[in-house]
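Report on the structure
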Amino acid sequence: GVHRQILLTTVGWFVGYYLTKRTEYMYAKVDRELLEYVRLHPEDFKAADKKRIGELLEDFYPVR
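Residues numbered from 1 in each chain as written. Predicted model: local features only at pLDDT ≥ 70, side-chain atom pairs only at ≥ 80, totals over all residues. Heavy atoms only, no water.

So, the packing of aromatic side chains
Applicable threshold: Note on ring pairs: Phe, Tyr and Trp rings are taken, using the six-membered ring of Trp, and paired if centres are within 6.5 Å. Classes follow the plane angle, with under 30 degrees stacked, over 60 edge-to-face and the rest tilted. Remark: exposure states derive from per-residue accessible area (1.4 Å probe, protein chains only) relative to the maximum for the residue type, with buried under 20%, exposed over 50%, and partly exposed in between.
Under the criterion given, the structure shown has three aromatic pairs. Relative to Phe14, the ring of Trp13 has its centre 5.1 Å away and its plane inclined at 85°; by these criteria the two rings are edge-to-face. Ring centres of Tyr37 and Phe45 lie 6.1 Å apart, and the angle between their planes is 90°; this geometry places the pair in the edge-to-face category. Taking the relative accessible area as the measure of exposure, Phe45 reaches 44% and is therefore partly exposed. Members of the aromatic cluster, each reached through a chain of ring pairs, are Trp13, Phe14 and Tyr17.

Here's what the structure looks like:
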């Protein structure tokens, strides 16, 4: 009946909420570890030289 639908909806909402929080925690943990590694090893992550858009794209030759 209706009481089962309400119960299952409530249980589903709580399970989804828990899984979402756990997923966010796991991603935050990985981000924290990666940023700490980047901070401790700056020689591995040098800033790339800035290039203009024309240097990145190939020359365009129209086909007739």
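So, next bit.
Remarks on the pattern of salt bridges
Put simply, the rule is: We count a salt bridge whenever a side-chain nitrogen from Lys or Arg sits within 4 Å of a carboxyl oxygen from Asp or Glu. Going along the chain from the N terminus, every DSSP run of H or I of four or more residues is numbered as a helix, and every run of E of two or more is numbered as a strand.
For the structure shown, the criterion picks out two salt bridges. The partner of Lys21 in a salt bridge is Glu24, and the shortest N-O contact between them spans 4.0 Å. Within this pair, Lys21 and its partner Glu24 are both found in helix α1 (residues 2–40), separated by three residues, close to a single helical turn. In this structure, Glu36 engages Arg39 in a salt bridge whose closest nitrogen and oxygen atoms are separated by 2.7 Å.

Topic: the environment of Tyr27
Along the polypeptide, Tyr27 turns up in helix α1. Through-space distance from the C-alpha of Tyr27 to that of Leu7 is 30 Å; in sequence the pair is 20 residues apart.

Comments concerning a nonpolar patch on the surface
Quick reminder of the rule: Any residue with relative accessible area above 30% and no salt bridge may belong to a patch, with like charges joined within 9 Å and the nonpolar Val, Leu, Ile, Met, Phe, Trp and Tyr side chains within 5 Å. Surface accessibility follows the Shrake-Rupley procedure with a 1.4 Å probe radius. Residue values consider only the protein chains on display as shielding.
On the surface, Leu7, Val11, Val15, Tyr18 and Leu19 cluster together to form a nonpolar patch covering roughly 490 Å² of accessible area. Take Val15: it is sitting in helix α1. Look at Val15 and you get partly exposed, because its relative accessible area is 45%.

Shape is all these values report; function is a separate question.
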